[in-house]
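# Chain and residue survey
Spelled out from the first residue to the last, the chains are:
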2 protein chains.
Amino acid sequence: MARRKQRDDEAAFLAAYAPGKFPRPSVTVDLVVLTILDGVLSILLVARGEHPFKGRWALPGGFVRVGEGPKDQGEDLYDAALRELREETGLPAGAALLEQLGAFGRPNRDPRTRVISVAYHALVRPTLVPHVSGGGDAAGARWFPVVERPPLAFDHDEIVERALARVRGDLEGTSVAFALVPETFTIAELRTVHEVILGTTLDPGNFRRRFLRMLDDGVLEPARGKRATASKPAQVYRFVDRR
Amino acid sequence: MARRKQRDDEAAFLAAYAPGKFPRPSVTVDLVVLTILDGVLSILLVARGEHPFKGRWALPGGFVRVGEGPKDQGEDLYDAALRELREETGLPAGAALLEQLGAFGRPNRDPRTRVISVAYHALVRPTLVPHVSGGGDAAGARWFPVVERPPLAFDHDEIVERALARVRGDLEGTSVAFALVPETFTIAELRTVHEVILGTTLDPGNFRRRFLRMLDDGVLEPARGKRATASKPAQVYRFVDRR
DNA sequence: TCAAAAGTGTTTCTCGTACACCCATGT
DNA sequence: ACATGGGTGTACGAGAAACACTTTTGA
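I will try to describe carefully the structure that is included in this document. Everything numeric in this text was worked out from a predicted model, so none of it was measured.

### Considerations on the environment of F63 of chain A
Residues and elements named next belong to chain A. Relative to the elements of secondary structure, F63 occurs in strand β4 (residues 61-63). Exposure remark for F63: the relative accessible area of 41% places this residue in the partly exposed category. The residues touching F63, leaving out its near neighbours within four places in the chain, are S26, V27, T28, E75, R83 and E84.

Laid out in structure tokens, this is it:
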């Protein structure tokens with residue numbers, strides 16, 4: 001039958017297919033890992049131990065694992081990003097909000113060979129940050145305030161700029177802010193996250209109202225306990241994730 | 001000097017660098033080419049002449065040109081997208097609003113070998129569409145209404161869905177709508193674009209007011225002439241691009 | 001003269017912004 | 001007792017939404 005014919009046809013084609021006739025690029029994932037330390041938006045950078053850009057700071061990242069043939073095709077891009085995050089920071093999967101920023105593939109962005117990088121941004125809870133320094137591969141990794149970060153290797157400055165613009169844009173409408181706050185948090189803590197990302201100050205009263213609207217939308221729920229502050233203790237809340 | 005030493009060091013490293021120790025993926029660009037035909041949001045698809053997915057419809061696209069060594073590293077991703085657009089549609093550069101959607105790299109999305117695709121969406125003025133059919137490589141290219149498009153090859157259905165979501169999201173706040181309208185246009189024509197993309201109907205009066213606000217923001221300017229309609233002729237406007 | 005679409009007016013509601021103010025608590 | 005920050009009230013303006021209405025043209 002035609003159906004059977006079609007299958008054999010395709011199988012024959014696949015067997016005859018010779019990969020690698022054309023040169024291929026290397027593909028990496030690079031991570032823009034962000035958190036808030038002492039009320040300052042901060043980024044995780046690694047010092048490059050090898051050429052090119054030896055000694056410069058760069059985004060953590062690495063090559064995407066690609067299998068040898070049609071049978072094993074390697075790992076997903078997202079999984080590669082997760083793996084790099086774990087290897088370079090020691091953070092467990094699910095500890096960060098990981099989202100793809102896009103592909104950066106300008107020729108000569110890496111002097112060695114053509115490299116196309118798929119960038120991700122990862123937002124890490126400040127309460128998990130202490131774990132980061134401990135990691136094995138993470139020797140040479142350091143947090144910098146984003147506003148006073150050193151110039152970066154490759155086109156990583158451009159990637160960081162795009163990540164920041166993206167996070168700012170996503171601040172309202174998505175749940176990015178909750179990824180930068182402890183499990184349970186006060187209204188003021190969440191407001192600080194917004195202020196730090198936007199680089200402005202927000203009216204506490206007005207922010208509170210927006211916040212409470214989320215509450216009866218079911219995005220948030222009150223949690224037990226209060227947070228001790230410099231003055232009157234504040235109610236703590238929890239983000240309810242319904243994906 | 002240390003400076004001189006550093007340069008020689010790096011040059012030596014580059015010379016010694018042996019590329020291709022690890023398997024590399026193929027990288028393609030795929031295009032979600034959209035326009036509005038007869039008031040219907042439409043997408044350009046090509047019939048696949050070869051395996052895999054022979055006979056299925058797919059997004060236009062092709063391999064990114066990658067050079068042989070460090071000296072020639074090939075073309076930029078954006079340029080590759082432009083080139084494909086030209087080759088497959090005959091559209092000149094600048095005829096379409098071309099923006100990157102992201103990278104799609106699930107293993108086994110192509111049965112032959114690991115392929116990572118960088119997707120772009122291209123919004124084409126309906127007045128330019130007649131040129132499209134004429135193109136050389138464009139044999140087998142056809143417009144489909146997006147709502148009744150056939151099932152696509154590879155993971156292209158997913159890419160299209162993401163493109164549509166992106167365009168809908170960008171509709172307000174960016175100038176995507178102006179890319180789907182003739183050089184000069186009436187308020188009703190622009191409204192139709194919004195309605196078609198959002199899949200809703202909009203109040204003519206209210207839309208007009210939003211539109212006029214753009215006018216005194218300087219985003220638009222009145223153009224000479226009127227557009228003949230079924231009834232009272234309408235004023236035409238022009239989009240002023242200040243990038 | 002009639003249908004169709006351009007263009008105007010009006011009302012209501014929601015939301016952002018600004019700002020004044022009260023209240024509870026740790027020091 | 002008092003400063004600090006949590007929490008509340010209010011008033012104004014911009015804009016979204018709904019809808020009734022007038023005007024201008026082609027057929």
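### Here we look at the sheet that holds strand β10 (residues 234-239) of chain A
Residues and elements named next belong to chain A. One open sheet holds the 3 strands; their spatial order is β8-β10-β9, and the pairing between them is antiparallel. Looking at which strands have only one partner, the edges of the open sheet turn out to be β8 (184-185) and β9 (220-227). Sheet topology note: the β9/β10 ladder contains 5 bridges and is antiparallel. Each bridged residue has a counterpart across the sheet, and for L220 the counterpart in β10 is F239.

### Side note on the nonpolar core
Soluble globular proteins: nonpolar side chains tend toward being buried together. One finds V33 and Y120 of chain A together with V33 and Y120 of chain B to be the most contacted residues of the largest nonpolar core, which totals 44 residues. Elements that contribute at least two residues to this core include exactly β1 (26-37), α2 (77-89), β5 (96-104) and β6 (115-124) of chain A together with β1 (26-37), α2 (77-89), β5 (96-104) and β6 (115-124) of chain B. In this view, V33 of chain B contacts S42, I43, L44, P60, L85, A122, V124 and W143 of chain B; residues no more than four positions away in its chain are not counted. Membership of the second largest hydrophobic core comes to 37 residues, among which are F104, A119, V176 and F207 of chain B.

### Some points on the packing of aromatic side chains
All names here are of chain A. Enumeration over the complete set of coordinates arrives at 12 aromatic pairs over all chains. Summarising the aromatic geometry, the rings of F178 and F239 are spaced 4.3 Å apart at their centres and angled 5° between planes, so their arrangement reads as stacked. With a gap of 61 residues between them, F178 in the loop between α4 (156-170) and β8 and F239 in strand β10 connect regions that are remote in the sequence. Owing to a relative accessible area of 7%, F178 belongs among the buried residues under this scheme. Note on F239: relative accessible area 25%, which makes it partly exposed. Each member of the aromatic cluster is reached from another via a ring pair, and the members are F178, F185 and F239.

### Considerations on the protein's contact with DNA strand D
Taken together, 17 residues lie around DNA strand D, and R208, R209 and S231 of chain A together with N206 and R213 of chain B are the ones closest in. Restricting the count to atoms of DNA strand D within 4 Å of the protein gives a sugar and phosphate share of 60%. At a separation of 2.9 Å, a sugar or linking oxygen of DNA strand D approaches a polar side-chain atom of S231 of chain A. Per-element accounting of the surface near DNA strand D gives the leading share, 4 residues, to helix α6 (residues 204-216) of chain B. A class-by-class count of the residues in the surface near DNA strand D yields 3 nonpolar, 5 polar and 9 charged.

### Considerations on α2 of chain A
Residue and element names in this part refer to chain A. Under the 1.5 Å per step criterion, the end-to-end length of α2 is 18 Å for 13 residues, consistent within 8% with the ideal 18 Å. Buried residues of α2: L77, A80, A81, R83, E84, L85, E88 and T89, and no others. Downstream of α2 by one or two residues, G90 has phi in the positive range, about 75°.

### Considering the packing of helix α5 (residues 187-198) of chain B against α6 of chain B
Residues and elements named next belong to chain B. One can describe the packing of α5 onto α6 by two numbers: an axis separation of 10 Å at closest approach and a directional angle of 105°. On the basis of the axis angle, α5 is roughly perpendicular to α6. Only P204, F207, R208, R210, F211 and M214 of α6 make contact with α5, whose side of the interface consists of I187, L190, R191 and H194. The residue inventory of the contact of α5 with α6, partitioned by class, reads 6 nonpolar, 1 polar and 3 charged.

### Some words on the relation of the copies chain A and chain B
Each copy of the sequence occupies a distinct position, and chain A is placed on chain B by a rotation of 180° and an axial shift of 0.0 Å, giving an RMSD of 0.1 Å. In the structure described here, the two chain copies are related by an operation that fits a two-fold rotation axis. Closest to the rotation axis within chain A is the C-alpha of G102 of chain A, separated from it by 2.3 Å. Of the interface residues in chain A, 100% have counterparts in chain B that sit at the interface too, so the contact is made through matching surfaces.

### Observations concerning the interface of chain A and chain B
It is common to report an interface's size as the accessible area lost on association of the parts. In this assembly, 43 residues from chain A lie in contact with 43 residues from chain B. Interface of chain A and chain B: buried area, both sides summed, is about 3800 Å²; carbon and sulfur atoms make up 55% of it. The largest contributions to the chain A side of the interface with chain B come from R24, H51 and Q73 of chain A, which together make up 19% of the buried area. The interface formed by chain A and chain B contains 0 salt bridges. Joining chain A to chain B, the criterion identifies 17 residue pairs in polar contact (both at pLDDT 80 or more). Every element with two or more residues in the side of chain A that touches chain B is listed here: α1 (2-16), β1, β5 and β6 of chain A. Ranked by residues supplied to the side of chain A that touches chain B, first place goes to α1 of chain A with 5 residues. Of the residues belonging to the side of chain A that touches chain B, the class tally is 18 nonpolar, 11 polar and 14 charged.

Rules used in this analysis
- Residues numbered from 1 in each chain as written.
- Chains lettered and ligands numbered in written order.
- Predicted model: local features only at pLDDT ≥ 70, side-chain atom pairs only at ≥ 80, totals over all residues.
- Heavy atoms only, no water.
- Helix = DSSP H or I, 4+ residues; strand = E, 2+ residues; numbered from the N terminus.
- Buried < 20%, exposed > 50% of the residue type's maximum accessible area, 1.4 Å probe, protein only.
- Contact = heavy atoms within 4.5 Å.
- Pairing = 2+ DSSP bridges.
- Core = buried A, V, L, I, M, F, W, Y, C linked by side-chain atoms within 4.5 Å.
- Phe/Tyr/Trp six-rings, centres within 6.5 Å; stacked < 30°, edge-to-face > 60°.
- Near = heavy atom within 4 Å.
- Polar contact = N/O pair within 3.5 Å; in protein donor to acceptor, adjacent residues only side chain to side chain.
- Nonpolar A, V, L, I, M, F, W, Y, C, P; charged D, E, K, R; others polar.
- Expected span 1.5 Å × (residues − 1).
- Axes fitted to C-alpha atoms, helices over the stretch in contact; angles between N-to-C directions.
- Parallel < 35°, antiparallel > 145°, perpendicular 65-115°, else oblique.
- Least-squares fit on C-alpha atoms with pLDDT ≥ 70 in both.
- Buried area = accessible area lost by both parts, 1.4 Å probe.
- Salt bridge = Lys/Arg side-chain N within 4 Å of Asp/Glu carboxyl O.

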